[in-house]
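What follows is the residue order along each chain.
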Amino acid sequence: MNRIVVVGAGPAGLAAATAAAALGVEVVLVDAAPKLGGQFFRQDALARGDRFTLPFQVEHVPNATVWAVEPVAGGHRVHLRIGAADDPSRTGRVLETRALVLATGAFDRALPFPGWDLPGVFTAGAAQAMAKGQGVAVGDRVLVGGTGPFLLPVAASLAAAGARVVAVAEANAPVSAWLSDPAGAAAGGRRIPELARYAGLLARHRVPYRRRTAVVEAHGSRQVEAVTLARLDREWAPVPGSERRVEVDAVAVGFGFTPQLELAVAARCRIEGGFVAVDAAQGTSVPGVFAAGELTGIGGAELAASEGAVAGAAAAKRLGAVVEPPLGAMARVRAGRRFAAALAAAFPVRSGWTGWLREDTVVCRCEEVDLRRLRAAVEERDVGGVRPLKLASGAGLGLCQGRVCGRNAAVLAGLGDTAFARRRIASPVRLGELAAAEPEVESADPPWSAAAERGFGQDFG
Amino acid sequence: MSPIESADVVVVGAGIIGAACAEALSASGRRVLVVDRGAPAGATTAAGEGNVLLSDKAPGPELDLALASRRRWPELLESLRGELGEALADVEWEAKGGLVVATDQDSITPLRIITEAQREAGVEVRDLGQAAARALEPHLTTAITAAAHYPGDAQVQPVLAATALLAAVRARGGAVCGGTAVEGLIVKGGKVAGVRVGGEAVPCGAVVNACGPWAGHFSITAGAPIEVLPRRGMVLVTAPLPPLVARKVYAADYVASVASGDVDLQVSPVVESTPTGTVLIGSSRQRTGFDESLEVEVLRRLARGAVRLFPVLERVPVMRAYGGFRPYTPDHLPVIGRDPRIPGLWHASGHEGAGVGLAPGTGRMLADLMDGRRPEVDPVPFRVDRPALMAQIKA
Amino acid sequence: MRVVWDGEEVEAREGQTVAGVLTGLGVRSWRTTRGSGRPRGLFCGIGTCFDCLVKVNGVPDVRACQRVVADGDDIRPQSGAELPS
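Residues numbered from 1 in each chain as written. Chains lettered and ligands numbered in written order. Predicted model: local features only at pLDDT ≥ 70, side-chain atom pairs only at ≥ 80, totals over all residues. Heavy atoms only, no water.

(A) Up close: the domain arrangement of chain B. All names here are of chain B. Annotation of chain B at the domain level lists domain 1 (7-69 + 158-227 + 332-390) and domain 2 (98-151 + 230-328). The gap between the C-alpha centroids of domain 1 and domain 2 is 28 Å. Facing the 26 residues of domain 1 at the interface are 32 residues of domain 2. Both faces combined, the contact of domain 1 with domain 2 buries some 2200 Å², and carbon together with sulfur accounts for 61% of it. On inspection of domain 1 and its partner domain 2, the count reaches three salt bridges. Across the pair glutamate 49 and arginine 326 runs a salt bridge, and its minimum N-O distance is 4.0 Å. There are nine residue pairs in polar contact (both at pLDDT 80 or more) connecting domain 1 and domain 2. Tallied by class, residues from the side of domain 1 that touches domain 2 come to 10 nonpolar, 11 polar and five charged. (Domains from an automatic or database assignment. Contact = heavy atoms within 4.5 Å. Buried area = accessible area lost by both parts, 1.4 Å probe. Salt bridge = Lys/Arg side-chain N within 4 Å of Asp/Glu carboxyl O. Polar contact = N/O pair within 3.5 Å; in protein donor to acceptor, adjacent residues only side chain to side chain. Nonpolar A, V, L, I, M, F, W, Y, C, P; charged D, E, K, R; others polar.)

This is the structure we're talking about:
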């Protein structure tokens, strides 16, 4: 079988699969969720059917975890476990492909603060997933905090699910930030009116929107009972005297997003500035591996879909399909990237957050490594790299493998902040699953041509 | 003031061997500069399990060095405790013992032959039957046919161990510089006079090549090639578990796998818990140069071996696999001593997977040789110009 | 559909995750950490943080936010590090 493998069925993956299928190429679309759409188009899991339909050339493999990507001669082997999440009874499948599209997306970045490990503190993405996907609000009185436009739809979803959103605390000062790059903001197309609509929605729900404000502590013994909100200065240091206590039973925080890099790292793709480096055809530094969506930079669903369309066409071309360069999608990608750059500039994470922590504040949630232990590793043991930092402090050695703490621990230790993304096993598998006989490899048959080797990025980019 | 101005000795490589050499040299009063092109304790050392083993060594020079090192480790940690304090000297030392198990009839006799020989060489080892072995390790498979218990086997956490040794070097006035590549030796009058670092000359009287798997590369840069090659090993790490495996437990064929010189993949199950509750599953050996890419088949074979020894592991999650390169020599013996071609150049490498265990003995041997003292262990088998290694040296 | 939560039968709907069922019941925490025994529950909600671990049918270390319930599932809180039963 000669087909593309797309990992991730969010906006980028859906667009990649659809674009490749439209060119007559078969696609296997692999995703962890039962339904299509990813985090952005999160579907109601309790409703019947699927909102999305795919062309017949696309085989959708739901409930599938890619636990390893293995480079082999001429392509890659994608190792799946399919079935109930984390269950030893999952079945295996191994797909070999000469054109792999990675659209694995991103997850919320959470910054640590005292009390952030209490039950009732969630990421903004958790609040969103529970409200949209499971029809349940994570609390009755919820404070939404962090930075970025994503906080608005999260607050709206919480309100729709019946929660009282006490406030939205935005750590940056977005209006002045947007004004600093009006052309970039305008490149966002539908995004600005969409955000205005959310803002209107929140105004109708009487949800206060507080700029330069953050949750700097959560209080409670067994779960969150209140938070401390503080005004922030330009660098996010709390303004003395501005702290006030707010009674809540849940907090949802998000400080932008971290790309899910491990499959790209396993495929040996070059990472630049924390994201997968791609050419104009979404090709990575590794021939036959394409990346689209948040993996290549945080830019939202529209940009992700445009990148997906380009990646799908480029992957199809690699398999020998006759492909006209998708100039429209490529132009949308360029515009989307300008918007993404404006977004990144408007909603940065400022250095002052490190001052929210106390010596006993947990940095690594899995291994319960606090700031004191992390600092001891750096200062007393003079640790200068991520691997020794992990082993000397314990941070990043737990089940999440540094997904939550990695960037924060790296900043606190003064190290480069993507070095935690190397995870050879991309998702835990049970030993018995590994020990079982390897499923028969579904091989990739090559219709090999020199033209197919060359992406159109090199022709038209 | 930059720490890199001059030194008595420059140790190249801040892994466990470089750290142990630097510690021993600074203990005898030398001002030592340790440089590493990467992060200290960040390569082979960070990918090690921290084995301090007697059980896997047949009688011979390596076992002699292992016995001396095993005696030295607790003394060394005790002195570091006094010098650096409790926290820094805590390297998760566990004198946990080892258990070697045979899982078929054919392995019983070879196991008994080796334990008998080890006993004569001074290793404490008890031959056990199935029931006694399972009394020590209740989760062990019922399929074992014989076992040997080595109370002297121990474990340390290698990054903690190396960083503690390096802290001692700093405390004695030495310096450790990560992210610093040595570009070459400075040789004057046929002798080492310094090293070139970042385009600058650092005068020194001696240089120690402790580059582990990259010792061969460095020896070429230094103009005195030795044959040290990378041999790759992978380890699986489970999610944290309740106490499950008290000792280091491995199959009897591990010894043969260690001693093999095959280029092909060798896998032999080694299972042990760490203080955080994770279970480490080794071991694989593969000579594939410095290729780092994942091979799922290696992981599968590691998993099969572990589940065979401990069936309870079958439904336990594996959360991590890590790999590293170990320094391999054609005759399986470390290289410790002076380079006869360039006076002032010394080598300490080639320990393969035993570097953590052999580190204190190696450091001491090197310091004794440099000071002109008679080493506790005969250094002749480890010398740089020994026939087995010399035969491999290409100009 | 019915599942068992900590020994008690509860209603569940097709498509619900363990975290969805428990959040609907008002349960905030269903695991304790192995180090200091602190309570934990849902955090990231999308499968990346491994904080919401729970035991399902005797198997620990199952992410409650990713696991879709099946009729009759026996779901129990997880206490620190546990072995499969």
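Here the narrative resumes, following the displayed structure.
(B) Fine view of the sheet that holds strand E7 (residues 74-76) of chain C. Residues and elements named next belong to chain C. With respect to topology, five strands assemble into an open sheet ordered E2-E1-E7-E5-E6, the strand pairing being mixed. Of all strands in the sheet, those with a lone pairing partner are strand E2 (8-11) and strand E6 (59-63), marking the two edges. Pairwise comparison of adjacent strand axes, ignoring direction, gives a mean angle of 40° for this sheet. Taken together, the three bridges between strand E5 (residues 53-56) and E6 define a ladder with antiparallel strand orientation. Residue pairing for E6: valine 54 is matched across the bridge by valine 62. (Pairing = 2+ DSSP bridges. Helix = DSSP H or I, 4+ residues; strand = E, 2+ residues; numbered from the N terminus. Axes fitted to C-alpha atoms, helices over the stretch in contact; angles between N-to-C directions.)

(C) Summary view of helix H8 (residues 300-318) of chain A. Residue and element names in this part refer to chain A. An ideal rise of 1.5 Å per residue puts 27 Å on 19 residues; H8 measures up with 27 Å between its terminal C-alpha atoms. Extensive coverage of H8 is indicated by the burial of 17 of its 19 residues. Among the residues trailing H8, glycine 320 stands out with phi positive, at a value near 100°. (Expected span 1.5 Å × (residues − 1). Buried < 20%, exposed > 50% of the residue type's maximum accessible area, 1.4 Å probe, protein only.)

(D) A look at the interface of chain B and chain A. Listed as interface residues are 48 residues of chain B and, on the opposing side, 38 residues of chain A. Taken as a group, Leu294, Arg300 and Met319 of chain B account for 19% of the area that chain B buries against chain A, more than any other trio of residues on that side. The interface formed by chain B and chain A includes three salt bridges. Aspartate 382 of chain A is paired through a salt bridge with arginine 170 of chain B; the nearest N and O atoms lie 3.5 Å apart. There are 18 residue pairs in polar contact (both at pLDDT 80 or more) connecting chain B and chain A. Elements with a contribution of two residues or more to the side of chain B that touches chain A: helix H3 (86-89), helix H6 (158-171), strand E12 (229-238), helix H9 (296-309) and strand E16 (317-328) of chain B. Classifying every residue of the side of chain B that touches chain A gives 29 nonpolar, seven polar and 12 charged. As judged from the two bridges shared by strand E23 (residues 429-430) of chain A and E16 of chain B, these two strands associate in the antiparallel manner. Bridge pairing links arginine 430 of chain A to proline 317 of chain B in E16 of chain B.

(E) Layout of the nonpolar core. Within the largest apolar cluster, 146 residues are counted, with the highest numbers of intra-cluster contacts made by Trp356 of chain A together with Trp73 and Val208 of chain B. Discounting residues that sit within four places of it in the chain, tryptophan 73 of chain B has contacts with Ile16, Val52, Trp93, Val156, Ala161, Leu165, Val356, Gly357 and Pro360 of chain B. Counting 46 residues, the second-largest nonpolar core is a separate cluster that includes Phe122 of chain A together with Val21, Val62 and Val69 of chain C. (Core = buried A, V, L, I, M, F, W, Y, C linked by side-chain atoms within 4.5 Å.)

(F) Looking closely at empty space enclosed by the protein. Taken as a whole and assessed by the stated rule, the structure comprises three cavities of 30 Å³ or more. Roughly 150 Å³ of internal volume is contained in the largest cavity. If you go around the largest cavity, you meet 13 residues; those closest to its centre are Leu399 of chain A, Pro240 of chain B together with Arg31, Arg34 and Leu53 of chain C. Considered class by class, the residues forming the lining of the largest cavity number six nonpolar, three polar and four charged. Approximately 100 Å³ is the volume attributed to the second largest cavity. What lines the second largest cavity is a set of 13 residues, and nearest its centre among them are Phe107, Asp108, Arg109, Ala110 and Val404 of chain A. Tallied by class, residues from the lining of the second largest cavity come to six nonpolar, three polar and four charged. (1 Å grid on protein atoms, 1.4 Å probe; cavity = no way out; pocket = protein on both sides within 12 Å on 5 of 7 lines; lining within 4 Å. Points joined across faces, edges and corners; volume = space filled by probe spheres on them.)

(G) Examining the sheet that holds strand E14 (residues 226-231) of chain A more closely. Residue and element names in this part refer to chain A. The strand order E13-E14-E15 describes an open sheet built from three strands, whose pairing is antiparallel. Each edge of the open sheet carries a strand with a single partner, namely strand E13 (213-219) and strand E15 (244-247). Sheet twist, expressed as the mean angle between neighbouring strand axes with direction ignored, is 35°. Sheet topology note: the E13/E14 ladder contains six bridges and is antiparallel. By the bridge assignment for E14, alanine 218 is matched with valine 227.

(H) Representation of the interface of chain B and chain C. If you look at the interface, chain B gives 11 residues, while chain C gives eight residues. Taken together, both faces of the contact between chain B and chain C bury some 810 Å²; the carbon and sulfur share is 63%. Contact with chain C buries surface across chain B, with Pro240, Pro242 and Arg315 of chain B losing the most and accounting together for 57% of the total. Counting across the interface, chain B meets chain C through zero salt bridges. Counting across the interface, chain B meets chain C through two residue pairs in polar contact (both at pLDDT 80 or more). Here the side of chain B that touches chain C is composed, by residue class, of eight nonpolar, two polar and one charged.

(I) How the structure looks around unusual backbone geometry. A cis amide bond, omega -10°, links glycine 282 of chain B with the succeeding residue serine 283 of chain B. Assignment of secondary structure puts serine 283 of chain B in strand E15 (residues 279-285). Positive phi values are uncommon outside glycine, yet arginine 212 of chain A reaches one of about 50°. Take arginine 212 of chain A: its relative accessible area is 23%, and that puts it in the partly exposed class.

(J) Examining the pattern of salt bridges more closely. Scanning all chains against the criterion turns up 53 salt bridges over all chains. Of the charged contacts, one joins glutamate 433 of chain A and arginine 90 of chain A as a salt bridge, the two residues approaching to 3.0 Å between their closest N and O atoms. With glutamate 433 of chain A in helix H13 (residues 431-435) and arginine 90 of chain A in the loop between strand E5 (75-82) and strand E6 (91-97), the pair connects residues that are 343 residues apart, well separated along the chain. For the pair glutamate 433 of chain A and arginine 90 of chain A, a shared accessibility class is recorded, and that class is buried. Residues joined by salt bridges that share partners form a network here, namely Asp117 and Arg365 of chain A together with Arg31, Arg40 and Asp51 of chain C.

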